[in-house]
Each structure stands twice: as C-alpha cells, then as structure tokens.
Amino acid sequence: MGCPGGTALSFLLVFVPVYLHGAWSQEAGPAGQRKPFFERLRRLEEQFRRFQEVTLIHLQAVARNYNLSYSIDARFQSLAQESQALALAVNQSQATVQGDLGHLKTWIRKTQRRSQKVDSRLLALGAALRERTQQLTRERKEQAAQREALSSLALDMRALQDTLARLTGVVQSQGVRLDALKEWRPVACPGTTDPARPGLPSQSSLELQGDRQVLRTSPEPLGPPRDFAGRLQGTREPPGPGSQRAWRPESLGEICNVGPALVFPNTSTENVVFLSPGFLSGLRALSVCSWVRTASGRLGTLLSYATAENDNKLVLHGRDSLAPGSIHFVIGDPAFRELPLQPLLDGQWHHMCVIWTSLLGRYWLHVDRRLVATGSRFREGYEIPPGGSLVLGQEQDTVGGGFDSSEAFVGSVAGLAIWDRALVPGEVSHLATGKEFPPGAILTLANAASIGGFVRRVNCTCLELCP
C-alpha cells in the first residue's frame, strides 16, 4: 500500500509542466487575448499558491507521518530486539530450569534409594532389637535361675561350712584330748593304771596307728565331747596358777633340722628382717609356726605385714602396755584377738602355731603341741591381700618403716614357716617334734632377703645348740 503524500507529489510534478507549456502557447497569440489570459494566469497562480499551501500542508503531514512511521519502525525494531533477548533469556531460563529439574530428579532418586536403605536398616535394627530383647529376656530368666541356683548353693555352702567348722572343731578337740591322754598315760608299766589318776583308760586302750591316734573307751552317753577337766572341747583356755596342769615346760626331746636361727639381741629399730617376695596371692587361710625363745621377759613383735591401704593387715605383736605374755593377733586393723603366750617368757625354746581361716572366722593357738586358745567369728570371709611388706622383729607403721623400739622383738626365732592353709593338729604335732615338715609352705626363713641392724643369722644343727 503506497503513501498518499507520494501520489500527490507525483501528480503535481506532472501537472505543473503541462500547465506552463499551455500558458506559453497562449502568449504567442493575438494581443486581444492577453487580458483573459493574465486573468486566468493570475487565478492559476492563486490556485497554484493555494495548491502549494495545500501541497505544503500535505507534505508536512507526509513528513509527520514519515517521522511517525520511522519512530514506529524503530519501536518495532526495538521491540523485536527485546523480544529476541527475552526469548533468549526464556530459553536460558528454561535450560536452567530443566537442568535444575534434572538435578532435582537425580536427588529425588538418590533420596529414594537412601530412604530405602534407611528403611531396610531400620527393619534390620528392629529385627536385631527384637532378637536382643528376646535374648535379654532369656538372659534375665537364666540369671534368675542362676541366682536361685546360687542361693541354694550358698545355703548348701553355708551348711557345708558349718559342718566343716564343726568337724574342724572336733579334730582340734580330738588333738587336745590326745595330748591330754599322752600326758596322763601311765609310764610305770604297760597294762596298769596309775592309782593317783583313777578312772583313766589304760595304755592298752590307746592305739597308735601311724600318724593317727585312735582312742578306744567304753561307751559314753552322747553329748558334747569334754576334756579331762570337764570343759567343752574347743574352748580350752590356759589353766590358772592353782591348776595341777599349770604351765610347765614340756620336754620335747632333741629337735634337729630346724634350719637357721635369727637372733635379735636388743630393741634397736634397725633390727629387722624382710621376707621376700611376701604374699603373692590373697590369703583366706593362714598358719604361722615357729620356734621362739625370748630373752627379756617380753614378746615384742614377731611378724608384721603392711600394705599401702593398711599398715596392720597381719600382725603378731606385744607392747609394753599389754599384760606380760599377751600378744595381739591382728588381721585387717582394727580387728584383733588377744592371745596368751605366758609359756614363752621363761627364756626357753617353745614351739608356737597361730592358725586362722576365713571360714566362720575360726582361729587356733598351739604352744608346744597344746591347744592354748581358740575362737570363731574373727574376720569371717576376709581375705588378706597380696603385694605388701612382710617383716620380722618390728611393727610397721608405714610400709617398710615407722618402727618403734617399744614394739621390737628381743630373742631368737628358728624354723619359722607360713602356710596358706590351716594346719591340722597332727601336722602341728609332727612339726613341733621335728618328725615331719608339712608340705606347701609359702614362706620360710630362706626367704629372708634383708637382715638389718644387729640381727645375726646362726646355723645350728639342733635347737638346743641355737643361741
């Protein structure tokens, strides 16, 4: 579609030459015709002037329309560029969105796989938890059954302990009775009875079978066994000064092969003997036996065992403040028992054995084969711990030290040995007479690792030759 301003301009360019050509032709005619011609020419000029005005107006309008169309084209071009940029941005955004959607789909798939794994793990954990719960239930039932079994076993053990304690008491009592029978046995001639000792069994009623002594007497009414003084066996105490059986030295004959002797000459705190390696394991039973001779009428400390926890885990000691001949038997201070050892004050050699077991807390003191003291409920169920310091002759207030001269031992010690079990009366008797050394000793004087101060180690063949 053409522009209207361009058509009018073409018509004007064609019409004006034609009109001028006609006017020039009329001037060449007669003079009479010039006046109308000028009139017409003037009108034409007026018309032409109006036509020019109109044309100018049209041209201005055309120019305005052209400028408007140019502006519209420019706007259209700008809009086209903007649309292209927008399309490019949209394409880029779409690509980005598609990439993000791809990543999101990938993440969703991974999340689904992970959730499946988590679900499978949760199922496995649930199954394991159910199995563990069932196992715990079974274990609780088994533990309950075990507790019941242990309870019944504890009752059985308690009954066995009571039985064993009674049997041990009977054995100790029989040993006392046998010692009493040996003391009262007539020595005039076999088969006769000493008139001064009426009612006692004859020698023919006492049979010695190896290490065992079997007493055959006439039937007696049932009841607790008693010794010849009328006391219950197992509760024998040292006789008083008015007793016919007051302490008197018993001739045990010649005792040899007791090993070396240790002589403690004075109360110096440097006089100490360390036994090593000490107790390697906990002790629930103990037997301490030794030949002892005092030189000053006082006992002092025979043995002391100290640990970092307690410096009086095991002590046999006498102080100046105690009654003469009394000694404290300490296990896990402050628990102790006071033992009578008056026979040891005569300056002669005596054999002593202190025996203890955590079973019912029973303890026994033998002096020269005789049962001097016994009791129970002393540190029942207790265990003497290992790893401490064991010394002879001094009482430790600290591990390996803290000695006090008022507690020092003055005298001689020979044949000392320690067992981690309770010796029976037969073993004590054989040890005191030099017949047999009980097996299983955990410490002897051969374990004397350090001898300090003025203590002397003396080797003597027989006990009577030891200082």
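As a convention, each chain's residues are numbered from 1 in the sequence order in which they are written. The model is predicted, so local features are restricted to residues of pLDDT at least 70 and side-chain atom pairs to those at 80 or more, both for listing and for counting; the totals for chains, interfaces and linings are taken over all residues. Neither water nor hydrogens contribute to the side-chain values; these are computed over all heavy atoms in the structure.

- Looking at an unreviewed UniProt entry, one finds the protein named Pentraxin (PTX) domain-containing protein, with Pipistrellus nathusii as its source organism.
- UniProt positions are given in the numbering used here, feature names are shortened, and annotations may be inferred rather than shown by experiment. A UniProt comment under Cofactor (unreviewed entry) is attached to the protein, and it reads "Ca(2+)".

**Points about the packing of aromatic side chains**
- Note on aromatic contacts: the rings of Phe and Tyr and the six-membered ring of Trp form a pair at centre separations within 6.5 Å, being stacked when their planes are under 30 degrees apart, edge-to-face when over 60 apart, and tilted otherwise. A full pass over the atoms with the stated rule returns five aromatic pairs.
- Pairing Phe329 with Phe378 gives two aromatic rings, centres 5.5 Å apart and planes at 65°, and the pair type is edge-to-face. Here Phe329 is found in strand E8 (residues 326–331), whereas its partner Phe378 is found in the loop between strand E12 (370–375) and strand E13 (389–392), with 49 residues between them in sequence.
- When a residue's accessible area, from a 1.4 Å probe over protein chains only, is under 20% of the maximum for its type it is buried; when over 50% it is exposed; and in between it is partly exposed. Classification of Phe329 as buried rests on a relative accessible area of 2%.
- An angle of 80° between the planes, with centres 5.8 Å apart, marks the rings of Tyr363 and Phe378 as edge-to-face. Residue Tyr363 is located in strand E11 (residues 362–367), and its partner Phe378 is located in the loop between E12 and E13; the two are separated by 15 residues in the primary sequence. Of the two residues, Tyr363 and Phe378, neither departs from the other in class, the shared state being buried.
- Three or more aromatic residues joined by ring pairs make a cluster, and in this case those are Phe329, Tyr363 and Phe378. Working definition: helices are DSSP H or I runs of at least four residues, strands are E runs of at least two. Numbering for both runs from the N terminus.

**Observations concerning the sheet that holds strand E7 (residues 314–317)**
- With antiparallel pairing, seven strands are arranged side by side in an open sheet as E9-E8-E7-E6-E13-E4-E16. Each edge of the open sheet carries a strand with a single partner, namely strand E9 (336–340) and strand E16 (448–451). Strand-to-strand, the axes of this sheet are offset by a mean angle of 20°, without reference to chain direction. Here, strands pair whenever DSSP counts at least two bridges between them. Fitted lines through C-alpha atoms give the axes, limited to the stretch in contact for helices. The angle between two N-to-C directions lies from 0 to 180 degrees.

**A closer look at unusual backbone geometry**
- Across the junction of Ser276 and Pro277, the peptide omega takes the value 15°, indicating a cis bond.
- Along the chain, the position of Pro277 falls in the loop between strand E4 (273–275) and strand E5 (285–294).
- That bond from Asp333 to Pro334 is cis: its omega, 20°, falls within 30 degrees of zero.
- Tracing the backbone shows Pro334 in the loop between E8 and E9.
- Look at Asp368: it is not a glycine, yet its phi comes out positive at around 50°.
- Counting through the fold element by element, Asp368 comes out in the loop between E11 and E12.

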